[in-house]
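Listed here are the chains, written in short residue letters.
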Amino acid sequence: MSTQKSNTAPISPRPGLRLHNSHQRTTVPFTPDDASNVRLYFCGPTVYDRVHLGNLRSMLSADVLVRLLKALYPQVTYVRNITDIDDKIIQRARENDEDISHLTERTTKDFHDDLAALNILPPTVEPRATQHIPDMLEMIGRLITQGHAYETEGHVLFDVTSFPSYGALSGRSLEDMLAGARVDVADYKRNPGDFVLWKPSRNDEPGWDSPYGRGRPGWHIECSAMAERYLGESFDIHGGGNDLLFPHHENERAQSLCCYPHGHFARHWVHTGMLLSNGEKMSKSLGNFHTIHEVLERTPAEALRLLFLGSHYRSTLDFTWEKLDEARRIMDRFYRALEKTPPASTDSLPADMLEALCDDLNTPLALSALHRYADAALEGQQSAANHLWAGGQLLGLFTMKPADWFQGGTDLDPATIEALIEKRLAARKARDFALADQIRNDLAEQGILLEDGPAGTTWRKG
RNA sequence: GGUCUGGUGGCAGAAUGGCUAUGCAUCGGACUGCAAAUCCGCGUAUGUGGGUUCGAUUCCCGCCCAGACCUCCA
């Protein structure tokens, strides 16, 4: 049995979580407003198309963070929105000749399926923008009343000069932005940096009645409104891909702090690094993206998960199929270790892994510990197998039984394979190695690998 | 052009003011009829030029290179 009896109790001493705060640009100790309920918000997808691997990476980074927080704190409230009103959605629906709600429902379902395949935990609340239009209008009204927003030509715009610390989050000054302005400045804006809170809708565009006419919200206001609705004026962590830092998060922060001056909005900002494909940012607009669906057709989901865990969440990661294959081989080894020494206790969370994750989610370092446990588990050490299992669970790995990992979902019927193994065994006994090897090669061509061990011949998917 | 991040062995990827993880691949060996799997063994790699220091990959400055943001983007 495990030697870690103490791990069945709350971990003590509990390591302190240190987390990089992109607002301060340093890694700092994380202290929640309310240690009995950690509250965080992550920006979810705009549902007009399948999410790609880059989108997935930030969702996965959030998942690791949430899993860790759940291990450290009694309660975690995790809000991740769905943006289901947006000009890209309108445009795509038009291109597809598809009803907007059909497009968003369909894409949202795909999104959920993809995340579930990756064993990404669902958020506590998953609000949709279209269900919070009144909340947004209320915020917009307050911003106008308080002099932070103005109405012009059917638009409501946020006045960035009304918020002295505008730019502080993303580390840029208004002057710099004005100096290097590459934005086409609409002539109804007072300042080039002013951004839309509400915009008018034509008759053929979706819209809601408002004091400013029939229209729809700008992009940023939804997150401010939904974060306030579910997490309050102040909460602990706000995150997303680092391409959201500006303008999206900067604008959210401006809106929220101006609307609720007594709150602090998000204390801690977490931004994930970009995923590259062929050395360039994977993005829908560049067209160099791979969908999750596409990847899962050729690799088990856990290999993809491991690939992402193998690099730090803040670093850029260049996706290649070779890395995916490598990740799959590593998973093979982990599952082989679990098969050799089945875990007997599931609560032996290894302290070194917890420590690594508490150091700004150092998943590569945590994985190196996992390798050590796998080595020892292959030697038959029970406590190592327990640690391997528990540590993998913390990272969202090992959702399968080893037998299913190695033998699940084959084209060939297992009984057929067993019969061929018997036939080959007979050939070997007769020292007819040519026939034995031919059987083995034929199976290999069908993706079935044979392994002769002391206890007999076993098979697995190749 | 402005802002920022980063450049570690063949590849991926941690860490650190002095002893440089881990994995994959390669190579050699054990095991095997041969393989596969497993095990053992093998690699001084920190872009570049200065500076600080007894000592720098780690701190500071310049340069080169790469990527991100400045426009929708996770």
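Under an unreviewed UniProt entry, the name given to chain A is Cysteine--tRNA ligase, and the organism recorded is Bombella apis. In UniProt, chain A has this text filed under Subcellular location (unreviewed entry): "Cytoplasm".

Draft legend 1. View of helix H4 (residues 133-145). The first and last C-alpha atoms of H4 sit 18 Å apart over 13 residues, in line with the 18 Å expected at 1.5 Å per residue. Residues Ile 133, Asp 135, Met 136, Leu 137, Met 139, Ile 140 and Leu 143 constitute the buried set of H4. Its buried side turned inward, H4 meets strand S5 (149-152), strand S6 (155-158), strand S7 (195-200), strand S8 (215-217), helix H6 (219-231) and helix H7 (245-259). Two residues or fewer past H4, Gly 147 is found with a positive phi of approximately 80°.

Draft legend 2. Representation of the packing of helix H2 (residues 87-96) against helix H3 (residues 100-117). Where H2 meets H3, the closest approach of the two axes is 9 Å, and the angle between their N-to-C directions is 105°. On the basis of their axis angle, the class for H2 and H3 is roughly perpendicular. On H3, the residues touching Ile 89, Ile 90, Arg 92, Ala 93 and Asn 96 of H2 are Ile 100, Leu 103, Thr 104 and Arg 106. Split by residue class, the contact of H2 with H3 holds five nonpolar, two polar and two charged.

Draft legend 3. Examining the UniProt feature "binding site: Zn(2+)" (unreviewed entry) in chain A more closely. What UniProt calls "binding site: Zn(2+)" (unreviewed entry) maps, in this numbering, to Cys 43, Cys 223, His 248 and Glu 252. A compact arrangement is adopted by the annotated residues: their sequence extent is 210 residues, whereas the largest C-alpha distance between any two is 11.1 Å. The annotated residues that sit in the lining of the largest pocket are Cys 43, Cys 223 and His 248. The residue Cys 43 is located in the loop between strand S3 (38-42) and helix H1 (53-72) in this model. Excluding its chain neighbours within four sequence positions, the residues that come into contact with Cys 43 are Met 59, Arg 80, Asn 81, Cys 223, His 238, Gly 239, Leu 244, His 248, His 249 and Glu 252. With a relative accessible area of 0%, Glu 252 lands in the buried category. One polar contact links Glu 252 to His 238, side chain to side chain, over a distance of 3.2 Å.

Draft legend 4. Molecular detail of the protein's contact with RNA strand B. In the vicinity of RNA strand B there are 52 residues, among which Lys 88, Trp 219, Gly 241, Leu 244 and Lys 281 approach most closely. The sugar-phosphate share of atoms of RNA strand B within 4 Å of the protein amounts to 62%. Lys 88 places a polar side-chain atom, nitrogen or oxygen, 2.3 Å from a sugar or linking oxygen of RNA strand B. A distance of 3.5 Å is found between a sugar or linking oxygen of RNA strand B and a side-chain nitrogen or oxygen belonging to Asn 242. At the level of secondary structure, the elements contributing two or more residues to the surface near RNA strand B comprise H1, strand S9 (234-241), helix H10 (321-340), helix H12 (363-378), helix H15 (414-429), helix H16 (433-445) and strand S14 (448-453). Among the residues making up the surface near RNA strand B, the classes are represented as 14 nonpolar, 19 polar and 19 charged.

Here is what the cut-offs are and how they apply
Residues numbered from 1 in each chain as written. Chains lettered and ligands numbered in written order. Predicted model: local features only at pLDDT ≥ 70, side-chain atom pairs only at ≥ 80, totals over all residues. Heavy atoms only, no water. UniProt positions renumbered as here; feature names shortened; annotations may be inferred. Helix = DSSP H or I, 4+ residues; strand = E, 2+ residues; numbered from the N terminus. Expected span 1.5 Å × (residues − 1). Buried < 20%, exposed > 50% of the residue type's maximum accessible area, 1.4 Å probe, protein only. Contact = heavy atoms within 4.5 Å. Axes fitted to C-alpha atoms, helices over the stretch in contact; angles between N-to-C directions. Parallel < 35°, antiparallel > 145°, perpendicular 65-115°, else oblique. Nonpolar A, V, L, I, M, F, W, Y, C, P; charged D, E, K, R; others polar. 1 Å grid on protein atoms, 1.4 Å probe; cavity = no way out; pocket = protein on both sides within 12 Å on 5 of 7 lines; lining within 4 Å. Polar contact = N/O pair within 3.5 Å; in protein donor to acceptor, adjacent residues only side chain to side chain. Near = heavy atom within 4 Å.

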